[in-house]
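Working through the structure, step by step
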Amino acid sequence: MKKKILLTRRWTQDAESYLSEHYDVTLNASDVPLDAAALSQAMRDYDAICPTVTDAMNAAVLGTPGARVKLIGNFGVGYNHIDVEAARKAGITVTNTPDVLTDTTADLAILLMLMATRRAGEGERELRAGRWTGWRPTHMMGQSVSGKTLGVVGFGRIAQATAHRAHHGFGMQVAYYGRRRAPADIEAACKARYVADLDTLVAESDVLTLHCPGGAETHHLVNRARLALMKPTAVLVNTARGTVVDEAALAEALVTKRIAAAGLDVYEREPVVNPALLGLENVVLLPHLGSGTQETRTAMGMRVARNVDLFFAGQPVQDKVV
Ligand code: 8YV
């Protein structure tokens, strides 16, 4: 009997095809997110669920009485939407998809940094609205990044890849804060300087880029007090999780020009974006596109599939979270 597997959202054709060939797979043709009741029912009906960031796999869902699910094969590296303690208690294995989205997400952090510092969104809006009156030396001047300090919060894979691009591609100085100092060879790869105190890093940075996980520990790590420490010329980039930033405080800091600009890919209550941000020229707003390339989304699906294959073959999974 083939194992029963639920993909909660549409995946790329290659990844859906692979899993459909090997398992009794249910695809989500409408691509509408499942509600809590549907996720609980799925816990009873399937051997594995493969969720995404849009599925709240909370304690109530994971603790569904009579659950059949033994594996949560998350599509994505971040797993703050999964209550891993509840999964552990229920004896459910959780896996994620590291490595395969590192470069793609780092590319997006750099894209946001450049768009925000060079006022790219603002310029495009001006042109499309027919408001561009032509070239002039003082037109829409942004800020250069060469020689500036990139402050990196969290120094995992995506952070390192972003720092590498910024240093080797754009001549930026890299400083970082993390719970632990990175090994010397990792620091040397982009001449990264460890700053043991987050407030010091925030105050020193010309561009501050966030790469820590979401969840309770990092909730509103960038709050009103920390925004007040930033340089007035500073730019904030968030490709991590929306909850890391107090969105209301950020909107206020952008309105009052307490900081110069921000580039955001993630939001506190996706897909809702704080209305205060929507009318501002000095913020770039992307709809959670971090890992969004054809190649990477297929690689993510195949990475989930590898974990599913190993799990049901009775072997250790590659990317065990719990
Ligand atoms: C994913 C992400 O698209 O992998 C992550 O943690 O943030 C994104 O790249 C999304 O979360 C998939 O669930």
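Here, every reference points to the structure presented above.
Residues numbered from 1 in each chain as written. Predicted model: local features only at pLDDT ≥ 70, side-chain atom pairs only at ≥ 80, totals over all residues. Heavy atoms only, no water.

1. Examining the pairing of strand E1 (residues 4-7)
- Sheet analysis places E1 next to strand E2 (residues 24-26), joined by three bridges and oriented parallel. Residue Lys 4 lies in a different strand from E2, and its bridge partner there is Asp 24.
- With helix H1 (residues 13-22) bridging E1 and the parallel E2, this β-α-β connection has right-handed handedness.
- Both E1 and strand E3 (residues 48-50) contribute to a ladder of three bridges, which runs parallel. Each bridged residue has a counterpart across the sheet, and for Leu 7 the counterpart in E3 is Cys 50. (Pairing = 2+ DSSP bridges. Helix = DSSP H or I, 4+ residues; strand = E, 2+ residues; numbered from the N terminus. Right-handed = clockwise from strand over helix to strand, strands pointing away.)

2. With respect to the sheet that holds E2
- Pairing is parallel in the open sheet, where five strands are placed in the order E2-E1-E3-E4-E5. A strand with exactly one partner marks an edge of an open sheet, and here the two such strands are E2 and strand E5 (93-95). Averaged over all pairs of adjacent strands, the angle between their axes in this sheet comes to 15°, without regard to strand direction.
- Packed on one face of the sheet, helix H2 (residues 36-45) meets E1, E3 and strand E4 (71-73) and runs near 140° to E3. (Axes fitted to C-alpha atoms, helices over the stretch in contact; angles between N-to-C directions. Contact = heavy atoms within 4.5 Å.)

3. What to know about the packing of aromatic side chains
- Within the structure shown, the criterion is met by five aromatic pairs.
- Measuring from ring centre to ring centre gives 4.8 Å for Trp 11 and Phe 75, while their planes differ by 45°; the resulting arrangement is tilted. Placement of the pair is Trp 11 in the loop between E1 and H1 and Phe 75 in the loop between E4 and helix H4 (84-89), with a sequence separation of 64 residues. Comparing Trp 11 with Phe 75, the two get one shared label, buried.
- A ring pair is formed by Tyr 23 and Phe 312, whose centres lie 6.3 Å apart and whose planes are at 55°; its orientation type is tilted. Placement of the pair is Tyr 23 in the loop between H1 and E2 and Phe 312 in helix H13 (residues 294-312), with a sequence separation of 289 residues.
- Among the aromatic residues, ring-to-ring pairing joins Tyr 23, Phe 311 and Phe 312 into one connected group. (Phe/Tyr/Trp six-rings, centres within 6.5 Å; stacked < 30°, edge-to-face > 60°. Buried < 20%, exposed > 50% of the residue type's maximum accessible area, 1.4 Å probe, protein only.)

4. Thoughts on the side chain of Asn 238
- Along the chain, the position of Asn 238 falls in strand E10 (residues 235-238).
- Residue Asn 238 is classed as buried on the basis of its relative accessible area of 1%.
- Those residues in contact with Asn 238 that sit more than four places away from it in its chain are Leu 112, Leu 210, Val 245, Gly 263, Leu 264, Asp 265 and Val 266.

5. Re H1
- For H1, the complete set of buried residues consists of Ala 15, Glu 16 and Leu 19. Viewed end-on, H1 has its buried residues packed into an arc of 95°, placing them on one side of the element. Opposite the packed face of H1, turned more than 90 degrees from it, sit the exposed residues Gln 13, Asp 14 and Glu 21.
- Buried residues along H1 sit against E1, E2 and H13. (Arc of directions from axis to C-beta.)

6. Quick word on the nonpolar core
- The biggest cluster of nonpolar side chains holds 31 residues, and the ones touching the most others in it are Leu 210, Leu 236 and Leu 250.
- When residues of this core are traced back to their parent elements, those giving at least two are helix H9 (198-204), strand E9 (207-210), helix H11 (247-255) and strand E11 (261-264).
- A per-element tally of this core places H11 first, with five residues.
- Judged by nonpolar contacts, the second largest core, of 26 residues, contains Met 115, Val 145, Val 207 and Val 237. (Core = buried A, V, L, I, M, F, W, Y, C linked by side-chain atoms within 4.5 Å.)

7. Notes on the site of the ligand
- The immediate surroundings of the ligand are formed by Thr 52, Val 53, Phe 75, Gly 76, Val 77, Gly 78, Leu 101, Arg 241, His 288, Ser 291 and Arg 297.
- Contacts to the ligand include Val 77, whose backbone N or O atom sits 2.8 Å from an oxygen atom.
- Ser 291 places a side-chain nitrogen or oxygen 2.6 Å from an oxygen atom of the ligand.
- Considering the ligand on its own, with 330 Å² of exposed area, one finds that the protein chains cover 90% of that surface. (Near = heavy atom within 4 Å. Polar contact = N/O pair within 3.5 Å; in protein donor to acceptor, adjacent residues only side chain to side chain. Areas by Shrake-Rupley, 256 points an atom, 1.4 Å probe, with all protein chains shown as cover.)

8. Overview of the packing of helix H5 (residues 102-117) against helix H7 (residues 157-170)
- In the contact formed by H5 and H7, the axes pass within 8 Å of each other and the chain directions differ by 55°. Looking at the two axes, H5 sits oblique to H7. Between H5 and H7 the crossing geometry is right-handed. Contacts from Thr 102, Asp 103, Thr 105, Ala 106, Asp 107, Ala 109, Ile 110 and Leu 114 of H5 reach H7 at Arg 157, Ile 158, Ala 161, Thr 162, Arg 165, Ala 166 and Phe 170. (Parallel < 35°, antiparallel > 145°, perpendicular 65-115°, else oblique. Left-handed = near helix turned anticlockwise from the far one by under 90°.)

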